[in-house]
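Residue strings, one per chain:
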Amino acid sequence: MSELQSNLDRLSGHLKQFEGKVLPHRINGEDVTSKNTMQSRSPVDDSVICDVAEGSAADIDAAAKAAHAAFPEWRDMPGKQRKKVLHAVADAIVARADEIALVESWDTGQAIRFMSKAALRGAANFRYFADQAEAARDGQTLPSPDHMNITTRTPIGPVGVITPWNTPFMLSTWKIAPALAAGCTVVHKPAEWSPLTARLLIEIAEEAGLPKGVWNMVNGLGEEAGKALTEHPMIKAVAFVGESSTGSAIMRQGSETLKRVHFELGGKNPVVVFDDANFDRALDAAIFMIYSLNGERCTSSSRVLIQAGIYDRFVAALEDRVHKLRVGHPLDPATEIGPLIHPRHLAKVTSYLDIAKEDGARIAVRGEAGDSDGYFVNPTLYADATQTMRIAQEEIFGPVLTAMKFEDEAEALEIANSVAYGLAGYVWTNDVTRALNFSEGLDAGMIWVNSENVRHLPTPFGGTKASGIGRDGGDWSFDFYMETKNIAIALGEHKITKLGV
Ligand code: NAD
């Protein structure tokens, strides 16, 4: 039996739990449905997987109240015990990693070779933050001449977590694990285009011993359920991953209740390849960072800036590799690019073919949509683009790379920083001084030198400009999910200014 067939067989067993049913919300440990439903369809063949409850403001209200009621007990649970529960969640994710990867692949169109890793990364996120749970409240002592200052941290309260459809399982764990480790309770609103693994995740967490109401999940549309979550007075903070324009909307919606927000938003990340770079490694990394995960990846290297001396050779090598990328069924282990998430997104990605032509770029590899029922698209490579073209400025969020030429460092920096976004940057050079200077000049939250994106969980993750507000990772996550208090204790009888004497 082929590996594809074996994957399909196992998937069909796992899909039985969803078929013919309405995927419910999970509020206070109970399944809850709504009057309205929406459909979840597979990008592979446009088939309906199941109906999904479409959450209303009333559902969000019930979930927020459950999270509010569960907060004191979870907050006061010793860190050692929270650590144990979160490790149990990680163990249960590992035990069901195959199911999670198969279902995620079917629901999102992402190739199984990447989803298997993403499921395990979800477990790693829980494990990492579980290990930090005991120390999360530790503060600092900051002595001043007359006082000993002691800072303490306490969890902020119930938080809202709103996630997008790209790698939805992994991204949900990346937000929810630190919130729980800090002692917050959670209301999660997953993306409407990929709701399945959020259900698996909360089921796993409850089975692993998470008390009722600590984590609640409401499906639904952003404009209704998402909006209600950002406006709810019991929700103290909103961690959001998604488009920059949605981030603006959330800020407006949350302003009335002075919501604390954490945003991981869009990107138009440059890979800058200097003449002296290791050509083959830079090529591998540039291809990997834009064409893996269907290019539906916030840190994708969607612009490649190549120095003039190697430009023609590098673009020719890119062309050759892009032609060889394997587009196919996402459950086939050989597949490198699966179908995009939704017909609307497919239309957006392919619309840039006309835009690029009008702007005068060269379409080096033309990626048309496939002709099956699935939302397949072939990879695209635009070459000889210039800084102001839309393909060089806008987040396309598909398997589409824009190549541009530069002469020197100053020009590369000017092009790299000319976009609205500032999430990540990738620099390829063997000159360490240039690497450091250039990285300092790049306006982005994360820079990798001579490397693709490799995450180390204690390091800060996040972007500048339209790419986000705040950082995740290590203690940065806890700073968001917790309040810091300073207690100043007088060390003796310092002089107090006397009034009225
Ligand atoms: P999106 O902004 O359309 O939706 C994200 C989530 O927000 C969904 O759950 C949606 O229902 C909800 N939402 C929509 N409108 C809302 C509103 N008014 N109030 C509250 N919630 C609302 O994003 P998407 O299309 O699902 O995801 C793709 C985007 O996410 C890309 O721009 C990508 O770059 C970005 N992203 C960023 C990172 C990062 O770490 N910076 C990571 C992954 C994805």
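Please read these numbers as outputs of a predicted model, since none were measured by experiment.

Enquirer: Residue-level account of the overall build of the protein chain, with values.
Expert: Tallying secondary structure elements over the protein chain gives 16 helices and 23 strands in all. Once the C-alpha set of the protein chain is aligned to its principal axes, its extents read approximately 80 × 60 × 40 Å. Taking all 501 residues of the protein chain together, the buried fraction comes to 57%. Within the protein chain, contacts between residues separated by at least 24 positions form 75% of all contacts whose residues are at least 6 apart in sequence. Positive and negative charge centroids in the protein chain, built from 50 and 65 side chains respectively, lie 5 Å apart.

Enquirer: Report on helix α7 (residues 196-207), specifying residues and quantitative values.
Expert: The terminal C-alpha atoms of α7, which comprises 12 residues, lie 17 Å apart, in line with the 16 Å expected from a rise of 1.5 Å per residue. For α7, the tally of buried residues reaches 10 of 12 residues, placing the bulk of the element in the interior. Of the residues trailing α7, Gly209 is marked for its positive phi of about 115 degrees.

Enquirer: Talk me through the packing of aromatic side chains; I want residue IDs and the actual numbers.
Expert: Applying the stated criterion to the full structure yields 14 aromatic pairs. Summarising the aromatic geometry, the rings of Phe129 and Phe478 are spaced 5.8 Å apart at their centres and angled 80 degrees between planes, so their arrangement reads as edge-to-face. Residue Phe129 is located in helix α5 (residues 112-132), and its partner Phe478 is located in helix α16 (residues 474-481); the two are separated by 349 residues in the primary sequence. Side by side, Phe129 and Phe478 carry an identical accessibility label, which is buried. Measuring from centroid to centroid gives 5.0 Å for Phe480 and Tyr481, while their planes differ by 75 degrees, and the two rings are edge-to-face.

Enquirer: Before we move on, can you summarise the pairing of strand β5 (residues 48-53) with the specific residues and values?
Expert: Pairing analysis gives two bridges linking strand β1 (residues 22-23) to β5, with the strands arranged parallel. In the strand pairing of β5, Leu23 is matched with Val52. With five bridges connecting them, strand β4 (residues 37-41) and β5 associate as antiparallel partners. From the neighbouring strand, Ser40 faces β5, where its bridge partner is Cys50. What sits between β4 and β5 in their antiparallel hairpin is a turn of six residues, with Asp46 showing a positive phi close to 65 degrees.

Enquirer: Tell me what's going on with the nonpolar core, and back it up with residues and numbers.
Expert: Membership of the largest hydrophobic core comes to 107 residues, with the highest contact counts inside it found for Phe126, Leu180, Trp215 and Phe314. Both domains that furnish three or more residues to this core are identified here as domain 1 (3-265 + 467-486) and domain 2 (270-449). With near-sequence residues (within four places) excluded, Leu180 lies in contact with Trp74, Arg82, Leu86, Phe126, Val186, Leu210, Val214 and Trp215. By size, the runner-up hydrophobic cluster in this structure holds 28 residues, among which are Ala361, Val400, Ala416 and Phe438.

Enquirer: Explain the domain arrangement of the protein chain to me, and be specific about the residues and the numbers.
Expert: Its domain assignment divides the protein chain into domain 1 (3-265 + 467-486) and domain 2 (270-449). Once you take the C-alpha centre of each, domain 1 and domain 2 turn out to be 30 Å apart. On the domain 2 side, the residues contacting the 32 residues of domain 1 number 32 residues. With both sides pooled, the region where domain 1 packs onto domain 2 buries about 2600 Å², and carbon together with sulfur makes up 63% of that total. By the criterion of area lost to domain 2, the three top residues of domain 1 are Trp165, Trp193 and Ser467, representing 22% of everything that side buries. On inspection of domain 1 and its partner domain 2, the count reaches zero salt bridges. Joining domain 1 to domain 2, the criterion identifies 14 residue pairs in polar contact (both at pLDDT 80 or more). Elements supplying a minimum of two residues to the side of domain 1 that touches domain 2: α1 (3-15), α4 (97-108) and α5. Of the residues belonging to the side of domain 1 that touches domain 2, the class tally is 14 nonpolar, 11 polar and seven charged.

Enquirer: How would you explain the site of the ligand if you had to name every residue and give the values?
Expert: Surveying the vicinity of the ligand reveals 28 residues, the closest of which are Lys189, Glu192, Thr246, Leu265 and Glu395. Between an oxygen atom of the ligand and a main-chain N or O atom of Thr163, the distance comes to 2.8 Å. A distance of 2.9 Å is found between an oxygen atom of the ligand and a side-chain nitrogen or oxygen belonging to Trp165. Where the shell around the ligand is concerned, the elements lending two or more residues are α8 (222-231), β11 (237-241) and α9 (244-255). Residues of the shell around the ligand, tallied by class, amount to 14 nonpolar, eight polar and six charged. Inspection of the shell around the ligand shows a minimum of three residues originating in each of domain 1 (3-265 + 467-486) and domain 2 (270-449).

Enquirer: Quick one: what's the story with the sheet that holds β5, residue by residue and with numbers?
Expert: One open sheet holds the three strands; their spatial order is β1-β5-β4, and the pairing between them is mixed. Only two strands of the sheet have a single partner each, and these edge strands are β1 and β4.

Enquirer: Describe the side chain of His345, and please don't skip the residues or the numbers.
Expert: Examined against the element boundaries, His345 turns out to sit in helix α12 (residues 343-359). Contacts of His345, omitting those with residues within four sequence positions, involve Trp165, Trp193, Glu296, Leu340, Ile396 and Phe397.

Enquirer: Tell me what's going on with the sheet that holds strand β16 (residues 380-383), and back it up with residues and numbers.
Expert: Strands sit in the order β15-β16-β17-β14-β13-β19-β20 across an open sheet of seven strands; the sheet is mixed. Single-partner strands in this sheet number two, and they are β15 (362-365) and β20 (446-449). The average angle at which neighbouring strand axes cross in this sheet is 20 degrees, direction not considered. On top of the sheet, helix α11 (residues 308-324) reaches β13 (270-273), β14 (303-307), β15, β16 and β17 (400-406); it is set at about 140 degrees to β14, its chief contact. Each of β13, β14 and β17 is contacted by helix α14 (residues 409-416), which is oriented at about 145 degrees to β17, the strand it contacts most.

Enquirer: How would you sum up the pattern of salt bridges? Please name residues and give values.
Expert: Two side chains of opposite charge can pair, provided their charged atoms sit close to one another. For the structure shown, the criterion picks out 30 salt bridges. With its nearest N and O atoms 3.3 Å apart, the salt bridge here joins Arg153 to Asp479. Taken together, the residues Arg153 in strand β7 (residues 147-155) and Asp479 in helix α16 connect sequence positions 326 residues apart. In this structure Arg153 comes out as buried when scored by relative accessible area, which is 7%. A salt bridge links Glu264 to Lys175, with the shortest nitrogen-to-oxygen separation between them at 2.9 Å. With Glu264 in strand β12 (residues 260-264) and Lys175 in helix α6 (residues 168-182), the pair connects residues that are 89 residues apart, well separated along the chain. Lys175 sits in the buried class, given a relative accessible area of 0%.

Thresholds applied
Residues numbered from 1 in each chain as written. Predicted model: local features only at pLDDT ≥ 70, side-chain atom pairs only at ≥ 80, totals over all residues. Heavy atoms only, no water. Helix = DSSP H or I, 4+ residues; strand = E, 2+ residues; numbered from the N terminus. Buried < 20%, exposed > 50% of the residue type's maximum accessible area, 1.4 Å probe, protein only. Contact = heavy atoms within 4.5 Å. Lys, Arg positive; Asp, Glu negative; His and termini not counted. Charge placed at Lys NZ, Arg CZ, Asp CG, Glu CD. Expected span 1.5 Å × (residues − 1). Phe/Tyr/Trp six-rings, centres within 6.5 Å; stacked < 30°, edge-to-face > 60°. Pairing = 2+ DSSP bridges. Core = buried A, V, L, I, M, F, W, Y, C linked by side-chain atoms within 4.5 Å. Domains from an automatic or database assignment. Buried area = accessible area lost by both parts, 1.4 Å probe. Salt bridge = Lys/Arg side-chain N within 4 Å of Asp/Glu carboxyl O. Polar contact = N/O pair within 3.5 Å; in protein donor to acceptor, adjacent residues only side chain to side chain. Nonpolar A, V, L, I, M, F, W, Y, C, P; charged D, E, K, R; others polar. Near = heavy atom within 4 Å. Axes fitted to C-alpha atoms, helices over the stretch in contact; angles between N-to-C directions.

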